[in-house]
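# Residue-level structure breakdown
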Amino acid sequence: MREPVNRTILLFDIERFSRRDDVVQAVLRRTFHKIVDQTLEAAGVEATQQYREDRGDGLIVLLSGDVAKTVLLRSLLTTTPELLHEHNLLASESAQMRLRIVLAAGEVAHDPHAGTTGGLVGHDLNQACRLLDADVLRSALAERRDEHCVLAVSAPVYEGVVRHGHRGVRPELFRRADVTVKDGVLPAWVHRGAAQGGASGGEGEAARDSATTASDAASVASATTATDAASVGSATDAASSEKASAPGGAPGPAEGPAPAAAPQERPAGAVFHFHGAPVIHGSLVGGDQHGVSGGQVTGDVVLGGTRAEDGGADGSPS
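Read on for a plain summary of the structure. Since this is a predicted model, take the numbers as computed values, not measurements.

Definitions and limits used
- Counting of residues starts from 1 at the beginning of each chain's written sequence and follows it residue by residue.
- Reporting in this predicted model follows two pLDDT cut-offs: at least 70 for local features of residues, and 80 or more for side-chain atom pairs to be given and counted; totals over whole chains, interfaces and linings ignore these cut-offs and use all residues.
- Computation of side-chain values: all heavy atoms of the structure, hydrogens and water removed.
- What counts as a helix is a DSSP run of H or I of at least four residues, what counts as a strand is a run of E of at least two, and both are numbered from the N terminus.
- For every residue, the accessible area (1.4 Å probe, protein chains only) is compared with the maximum for its type, and the residue is labelled buried under 20%, exposed over 50%, or partly exposed between those bounds.
- Whether two residues are in contact is decided by their heavy atoms: any pair within 4.5 Å suffices.
- Areas reported here follow the Shrake-Rupley algorithm with a probe of radius 1.4 Å; residue values treat only the protein chains shown as occluding.
- Take a side-chain nitrogen of Lys or Arg and a carboxyl oxygen of Asp or Glu: if they are within 4 Å of each other, that pair is a salt bridge.
- Stacked, edge-to-face and tilted are the three classes for Phe, Tyr and Trp ring pairs, Trp counted by its six-membered ring, which pair at centre distances within 6.5 Å; planes under 30 degrees apart are stacked, over 60 edge-to-face, the rest tilted.
- Each residue after the first adds 1.5 Å to the expected span of a helix.
- For this analysis, a polar contact is any N or O atom pair within 3.5 Å, provided that within protein one partner can donate a hydrogen and the other can accept it, and provided that sequence-adjacent residues contribute only side-chain to side-chain pairs.

### Describing the overall build of the protein
Helices and strands together make up the secondary structure of the protein, namely seven helices and 11 strands. Across the 318 residues in the protein, those meeting the buried criterion constitute 33%. Of the contacts formed within the protein by residues at least 6 apart in sequence, a portion of 59% connects residues at least 24 apart. On the protein, roughly 19400 Å² of surface is accessible, and the fraction owed to carbon and sulfur atoms is 54%.

### Structural notes on the pattern of salt bridges
Scanning the entire structure with this criterion turns up 10 salt bridges. One salt bridge connects Asp-13 with Arg-100, and the closest N-O pair in it is separated by 2.9 Å. Linking Asp-13 in strand β1 (residues 5-14) with Arg-100 in strand β4 (residues 99-110), this pair joins segments that are 87 residues apart in sequence. The exposure class of Asp-13 is buried, given its relative accessible area of 11%.

### So, the side chain of Asn-88
Position of Asn-88 relative to the elements: it lies in helix α2 (residues 69-90). The residues contacting Asn-88, other than those within four sequence positions of it, are Ala-95, Gln-96, Met-97 and His-148.

### Regarding the environment of Ala-43
Mapped onto the secondary structure, Ala-43 falls in the loop between α1 (22-42) and β2 (50-54). It is 7.9 Å that separates the C-alpha atoms of Ala-43 and Arg-74, two residues lying 31 residues apart in sequence. Ignoring any residue separated from it by four or fewer positions in sequence, one finds Ala-43 in contact with Val-71, Leu-72 and Ser-75.

### Quick word on the packing of aromatic side chains
Evaluation of the coordinates by the stated rule reveals two aromatic pairs. With 5.9 Å between their ring centres and 75° between their planes, Phe-12 and Phe-32 make a pair best called edge-to-face. Taken together, the residues span a long stretch of sequence, with Phe-12 in strand β1 and Phe-32 in helix α1 at a distance of 20 residues. Across the pair, exposure class does not vary: Phe-12 and Phe-32 are buried alike.

### Observations regarding α1
Between its terminal C-alpha atoms α1 stretches 30 Å, which fits the 30 Å expected from 21 residues at 1.5 Å a residue. Within α1 the residues assigned to the buried category are Val-24, Gln-25, Leu-28, Thr-31, Phe-32, Ile-35, Val-36, Thr-39 and Leu-40. Close packing links the buried residues of α1 with β1, β2, β3 (58-63), α2 and β4. The backbone nitrogen of Val-23 has a side-chain oxygen 3.3 Å away, supplied by the residue at the start of α1, namely Asp-21. Note on α1: the residue one or two positions beyond its end, Gly-44, has a positive phi of about 75°.

So, in structure tokens, the structure goes:
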């Protein structure tokens, strides 16, 4: 047996796999391996950094220590559900696929034998497999009918990575679940799911923003109302004070309506006063003429015609 080495342990299991017929199982397995491939690729895991062991309805993946668990967690929380959603959106009811996933860490040794495959040995790996098969994880997936997978992490992964709140890994979305196993109680932390993440994330923040905006608007409205009320109250108090200060307590004179503004005089144009016998359309205005600007016109004023003089009917001299 080789010396044990610290590994990141990643386990997958397909829900209700044994209830499908052989043809559906083969289709599910092909899709399942593609999803695992793309999940690890999104986390930047190279082929030389992983060891896989096929379990029929699941998979054991051991990753070398230089693979960042934070990056792997982000991929499991985002890429894996998205890929499952794409598959289930087009698949028939009998080919729907949902996964239980466990992320753990610990010492694992490889003890291969000729003519056989596998041969992984390690207490930490055994405990991770018990988490994957635990009723608490099965129940969590069964209750989330609108989700495609459920993720649990072991105590070392939670204490070393999750609880520190690295980017994309929110510890408040993990709840502790104690799993009873044959040799005691095994602590685990189960992710609450995408619905909880959305409510606490984008939708929750939008709701808080809307509530804050509404609160601010209400505060402004209240402040405006209070200011208006204070202004009215001050004016009323001032009026009361004036009445109280009047001699003998008599009320002051009532204020009448404000005087109307005097109409503006239109500027005067060239206005004339005609004295005598003005004739318009008949061509003659007789007498002296006085303008409002102080000027004076002496003699007859002829408008649009001729002046008859000495019996000339047409106004021409005889």
